[in-house]
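Listed here are the chains, written in short residue letters.
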Amino acid sequence: MPASAHLTLDPAFVVGPVRRRTFGSFVEHLGRCVYTGIHDPGHPTADADGFRQDVIDLVKELGVGTVRYPGGNFVSGYRWEDGIGPVEQRPRRLDLAWHSTDPNTVGVDEFMRWCAKADIEPMMAVNLGTRGVQEALDLLEYTNVVGGTHFADLRRSHGQEEPYRIRMWCLGNEMDGPWQIGHKTAEEYARLAKETANAMRMVDPDLELVVCGSSSSSMPTFGSWEATVLAETYENIDYVSAHAYYQEKDGDLASFLASAVDMDRFIESVVATADHVRAVGRHEKRINISFDEWNVWYQDRVASDIAKGDDWPVAPRLLEDRYNVADAVVVGSLLISLLRHTDRVHSASLAQLVNVIAPIMTEPGGRVWKQTTFHPFSLTAKHAQGEVLQVALSSPTHSTARFGEVTSLDAVATRDAETGAVSLFAVNRSTTEPLELQVSLAALGGNLELVEALTYANDDHTWSATADDSESVLPEPNGSARLADGVLSVTLPPISWSCVRLQG
Ligand code: AHR
């Protein structure tokens, strides 16, 4: 007899709206994300700009709302002017962050054209590593000013009459990290971020600005970094960033599957710190979180080894992790964590989008395919609609080495009051035991119907997709799902992610 878990859904208990920006992603000039990823002029499906239509089609199917660009660590050494104007005149540059050569065939204009084609909102990062206020202003003038000044007219001379009016801007990347080019102390970064934000708002007061928070919750400066940076910049910015990557370490699958416990604590700690600064500074507004890098990333694998010495390759195969079914379950559970904090997490970016720790893989000039992680992301992006509901959850627990006792069930629900659609996203993070889940729906009204129950799981949780076989393991209808007398029941296999849809 499987152990049972219970949830109660009540439309009165709303966390906040489902935000399209929660389903963001990230395109960095790193490895093959840009070159031979989204951009591959020789590919049979490439358009006049060199963008692969087969990749754009999958990006749309993935349901991505925003894309952060152009880095990442890359941005801290980037001269954005290298990537504008006639392609044949653009300089090739050393990319110190990834020990590569950037041919600069893709720059801001190409990226913005790609965003328009893929129906993506851009999220632009400025270089606060090797550069500062002036270069950020120049880029902003190029992208957002109508015309009549040097950089705005330069954009027009490159064929883009209308300003792009980019709203979201990241003030640097991971400036707390010693690996970052131009790494700074919290005090140094805070001053620079404040002055950059101030000046950028003089050009365009409607910008939404993100200051760098910590690169992970395990940074020695975590907490104090946020406190120092926010104390200085509070009135000048809107969001503080958070970054987190998870991996199975030393065969400890149980802890890995519970990674969302860490993400929950991370978010709640940053919220507490931001609200502390708000209280001390007597500020009115709240600072929310842009969780603009999150994913599973096996940083110790050879795929993350960076070239050394005289070898500065163009678009090397870097960070090309292959994801298995358990990785996909974790990605699904991290999305549950982000949604459950939708009151304070206003934006998030799955890092990254194509080839580099990505849900979409390509071969140069060849095939495109979906990794396992594609499925929970696309289904959540598609079916999370309306408002996020708090779920009253009771579940058996099991012990993990990293997080102690954790509930085997993790779940979140959304409800669209206009269409009557209700979606439940649930993970069984037990490695051995199925869960009999019962969901009390009485408060949602009596006319609910079960539309679909899909579960992603496999007897071999180490199965991963390849170009030759990306479809043997797909989300499958869960035949155990029943709806009777206002109670939904469904069996969740061990190491599984599920999406159950109801209609009122
Ligand atoms: O996403 C890969 C890298 O991870 C990014 O460039 C950096 O910001 C982070 O450390």
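Computed from a predicted model, the values in this text were never measured in an experiment.

A closer look at the nonpolar core
Then, in step 1: With 130 residues, the main nonpolar core has Trp-114, Leu-171, Phe-291 and Trp-294 as its most contacted residues.
Then, in step 2: Looking at this core, the element that brings in the most residues is helix α9 (residues 325–340), giving 11 residues.

Thoughts on the sheet that holds strand β18 (residues 421–428)
Then, in step 1: A sheet is described by the order of its strands in space; here 10 strands give the open sequence β21-β20-β24-β18-β17-β14-β1-β19-β23-β22, paired in mixed fashion. Strands with a single pairing partner mark the edges of an open sheet, and in this sheet they are β21 (476–477) and β22 (482–484).
Then, in step 2: In the sheet, strand β1 (residues 3–17) pairs with strand β19 (residues 435–440) via six bridges, with the strands oriented parallel. Residue pairing across strands places Leu-7 opposite Val-439, the latter belonging to β19.

A word on the side chain of Arg-68
Then, in step 1: Structurally, Arg-68 can be placed in strand β3 (residues 66–69).
Then, in step 2: Setting aside anything within four residues of it in sequence, one finds Arg-68 in contact with Ser-25, Phe-26, Val-27, Met-123, Cys-170, Gly-172, Asn-173, His-243, Asp-292, Glu-293 and Ser-349.

So, the side chain of Asp-176
Then, in step 1: Assignment of secondary structure puts Asp-176 in the loop between β7 (168–171) and α5 (186–203).
Then, in step 2: Despite its burial, Asp-176 remains without a salt bridge, the nearest opposite charge being carried by Arg-68 at 9.8 Å.
Then, in step 3: Setting aside residues up to four positions removed in sequence, Asp-176 forms contacts with His-183, Lys-184, Gly-213, Ser-214, Ser-215, Met-219, Thr-221 and Trp-225.

A short note on the site of the ligand
Then, in step 1: The environment of the ligand is made up of Phe-26, Glu-28, Gly-72, Asn-73, Trp-98, Asn-173, Glu-174, Tyr-245, Glu-293, Trp-297, Gln-352 and Ile-357.
Then, in step 2: Between the ligand and Glu-28 there is a distance of 2.6 Å, counted from an oxygen atom to a side-chain nitrogen or oxygen.
Then, in step 3: Within the side chain of Tyr-245, one N or O atom sits 2.8 Å away from an oxygen atom of the ligand.
Then, in step 4: Taking 280 Å² as the accessible area of the ligand by itself, protein coverage stands at 95%.
Then, in step 5: Taken together, the residues that form the shell around the ligand break down as five nonpolar, four polar and three charged.

What counts as what
- Each chain has its residues counted from 1, following the order in which its sequence is written.
- With the structure being a predicted model, the display of local features is reserved for residues of pLDDT at least 70 and the display and counting of side-chain atom pairs for 80 or more, all residues being used for whole-chain, interface and lining totals.
- Side-chain numbers come from the whole structure's heavy atoms, not from hydrogens or water.
- By nonpolar core we mean a set of buried residues, namely Ala, Val, Leu, Ile, Met, Phe, Trp, Tyr and Cys, connected to one another through side-chain atoms within 4.5 Å.
- We call a residue buried when its accessible area falls under 20% of the maximum for its residue type, exposed when it is over 50%, and partly exposed in between, using a 1.4 Å probe and counting protein chains only.
- Helical segments are the DSSP runs of H or I of at least four residues, strand segments are the runs of E of at least two, and each set is numbered from the N terminus.
- Whether two strands pair depends on DSSP finding at least two bridges between them.
- Residues are treated as being in contact if the distance between any of their heavy atoms lies within 4.5 Å.
- His is not counted, nor are the chain ends; Lys and Arg add positive charge and Asp and Glu add negative charge.
- Salt bridge criterion: a side-chain nitrogen from Lys or Arg within 4 Å of a carboxyl oxygen from Asp or Glu.
- Summary of the distance rule: residues count as near a molecule or strand when at least one heavy atom falls within 4 Å of that molecule or strand.
- Distance and chemistry together define a polar contact, namely a pair of N or O atoms within 3.5 Å, with one atom able to donate a hydrogen and the other to accept it when in protein, and with adjacent residues in sequence counting only for side-chain atoms on both sides.
- Accessibility throughout is a Shrake-Rupley quantity obtained with a 1.4 Å probe, and a residue counts as covered only by protein chains that appear here.
- Gly falls in the polar group here, along with every residue not listed as nonpolar (Ala, Val, Leu, Ile, Met, Phe, Trp, Tyr, Cys, Pro) or charged (Asp, Glu, Lys, Arg).

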